[in-house]
Amino acid sequence: MVKHLFGKSLDVTKLKSNVLSNLTKHIEKIRFMMGELSSTSELITQKTCFICGSEHSRPFSEVYGFKYVECTDCSHVYTQTRYRDADIIQFYTNNATYSEVTYANVETCYYRRDSVAKPKFDFVIDHLPFKPSTFKWLDVGCGIGDLVSVANQNNWHCMGLELSSSSIAFSKEIFKQDLIQKTLEDFCKTSKERFEVVSFIGVLEHVTSPMDHLRMARKILEDNGLVLIQVPNAMSMATYTQDIFPETVFRHMSPVEHIMLFSEESLEKALRETGFESIAYWWHGLDSYEILNQMTMHSKKDVSSSRFNQAWMKVLSELQFVFDQNKLSDRILCLARRV
Ligand SMILES: [Zn+2]
């Protein structure tokens, strides 16, 4: 039986104080990043679904001129045009703006480690179907290494792969973690290591070969090993909000970063086809925060000092819980075992 967990209390003002304080500037940064990529790289057409290979799709949404389509066979959502893998890898390796905007922020990184990474670690430990013997964990695309740091603090031997040079430097300085600057593919070519857990937190939606990534993970996992996956949920309130306000998207359905969004169905299919079986799902997200941000950006009044803002912030977590319970959260966290 697959277990489903819903909801997570979260103080978003602590988590994203840098974002909340200046939404417009944040969007400008995202647009700048998109401009950088479009000036140096050429767009190519994605003809088939990343998960099931189907050529059949229907229009889903459009953001910044990128058309998202929904696979009619597995309900996976992806952009019809995208940049090449090599261009994307180069962008994440060299672009400090990306990691600064997203994760590497001294003001919020400790809160992020304790309130975002630690619960994910606990989720794995709570659902471990075996007693760990090697305690070896690989976190792929680990960002500033917050989860790596948590796992290592809890007596695991956790290695982190990360492309961004600035995130690696940040992790070394703040969390004292030595991350490895490699893609999973390059790591697998040279390493003989095996792991009991491999995690992909916010990674699969960025890569052009999510199925190969899962297959690679399976290869380096111990027989009963686990994969932990967090992906954006296509069928979420954040998606539906951004669909009606596409000109102010700065996260989630952000087409250059997230070339795909998963549905429960497409994630299940991806797992099954690559030799995994899901054990537990955790539905939680930032949808109520997304709605507030979009209203803030679209109002001509100063929403941040309004009674609306005050009241919304008061019930933010409760509203989110309702979305979560209906599987409308913008994130899907899934733990699956190797079969
Ligand atoms: Zn499909």
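These numbers come from a predicted model, not from an experiment. (Residues numbered from 1 in each chain as written. Predicted model: local features only at pLDDT ≥ 70, side-chain atom pairs only at ≥ 80, totals over all residues.)

### Looking at the overall build of the chain
Keep this limit in mind: Helix and strand assignments come from DSSP, with helices taken as H or I runs of at least 4 residues and strands as E runs of at least 2, each series counted from the N terminus. With C-alpha atoms as the basis for the radius of gyration, the globule rule is written as 2.2 Å multiplied by the number of residues raised to the power 0.38. For every residue, the other C-beta atoms within 10 Å of its own C-beta are counted; 20 or more classify it as buried, 12 or fewer as exposed, and values in between as partly exposed. C-beta atoms are placed from the backbone. For every residue pair, C-beta atoms are placed from the backbone, and the pair is scored as a contact if these atoms sit within 7 Å.
On a plain count of helices and strands, the chain comes out with 14 helices and 13 strands. In terms of C-alpha radius of gyration, the chain reaches 19 Å, essentially the compact-globule figure of 20 Å for 339 residues. Its C-alpha atoms put the chain at 55 × 45 × 40 Å along the principal axes. Within the chain, buried positions represent 44% of all 339 residues. Taking all contacts inside the chain whose residues are at least 6 apart in sequence as the whole, residues at least 24 apart take part in 76%.

### Regarding unusual backbone geometry
For Ser 75, which is not a glycine, the phi torsion comes out positive at approximately 60 degrees. Its place among the elements puts Ser 75 in the loop between strand E4 (66-71) and strand E5 (77-79). Look at Ser 75 and you get buried, because 20 C-beta atoms sit within 10 Å. Positioned with a positive phi, His 252 is a non-glycine residue whose angle comes to about 60 degrees.

### Overview of the sheet that holds strand E1 (residues 3-6)
To keep things clear, this is the line we draw: For two strands to be treated as a pair, DSSP must find at least two bridges joining them. Every axis corresponds to a line fitted to the C-alpha atoms, with the helix fit spanning only the stretch in contact, and the corresponding angles, defined between N-to-C directions, vary from 0 to 180 degrees.
Read across the sheet, seven strands follow the order E1-E12-E13-E10-E9-E7-E8 without closing on themselves; strand pairing throughout is mixed. Because the sheet does not close on itself, it has two edges, and the strands there are E1 and strand E8 (157-161). On average, adjacent strands in this sheet sit at an angle of 15 degrees to one another, irrespective of strand direction. Note: strand E7 (residues 136-140) against strand E9 (residues 195-201), four bridges, orientation parallel. Note on E9: the bridge partner recorded for Leu 138 is Val 198. Across the sheet, helix H10 (residues 210-220) is in contact with E7, E9, strand E10 (221-232), strand E12 (276-284) and strand E13 (331-338); its angle to E10 comes to roughly 150 degrees.

### Side note on the nonpolar core
Our working definition: Think of a nonpolar core as buried Ala, Val, Leu, Ile, Met, Phe, Trp, Tyr and Cys residues chained together by C-beta atoms that fall within 7 Å.
Grouped together as the largest cluster of nonpolar side chains are 66 residues, with contacts concentrated most on Leu 147, Ala 151, Val 198 and Val 227. The element best represented in this core is E10, accounting for six residues. Residues Met 237, Tyr 289, Ile 291 and Leu 316 belong to the second largest nonpolar core, which totals eight residues.

### Some words on the pairing of strand E3 (residues 57-63)
Relative to E4, E3 runs antiparallel, the two being bridged by six bridges. Bridging across to E4, Val 63 finds its partner in Phe 66. Once E3 ends, the chain turns through two residues before running back antiparallel as E4, passing Tyr 64 with a positive phi of about 50 degrees.

### Observations concerning the environment of Ile 332
Looking at the element boundaries, Ile 332 is found in strand E13. Measuring from C-alpha to C-alpha, the distance between Ile 332 and Val 231 comes to 5.5 Å, with 101 residues separating the pair along the chain. Contacts of Ile 332, omitting those with residues within four sequence positions, involve Gln 230, Val 231, Asn 233, Phe 262, Glu 264, Leu 267, Tyr 281 and Trp 283.

### Thoughts on the packing of helix H11 (residues 237-244) against helix H13 (residues 287-298)
Short version of the rule: If an angle is under 35 degrees, it is roughly parallel; if it is over 145, roughly antiparallel; if it lies from 65 to 115, roughly perpendicular; otherwise it is oblique. Crossing handedness is read from the near helix: turned anticlockwise from the far helix by less than a right angle, it gives a left-handed crossing, and turned clockwise, a right-handed one. Residues are grouped as follows: Ala, Val, Leu, Ile, Met, Phe, Trp, Tyr, Cys and Pro are nonpolar; Asp, Glu, Lys and Arg are charged; every other residue, Gly included, is polar.
Two numbers describe how H11 lies on H13: the axes approach to 8 Å, and their chain directions differ by 15 degrees. Classified by the angle their axes make, H11 and H13 are roughly parallel. As for the relative orientation of H11 and H13, their crossing is left-handed in sense. For the pair H11 and H13, the contacting residues are Met 237, Ala 238 and Thr 241 in the first and Asp 287, Glu 290, Ile 291 and Gln 294 in the second. A per-class count over the contact of H11 with H13 returns three nonpolar, two polar and two charged.

Everything listed is a geometric property; what it means functionally is a separate question.
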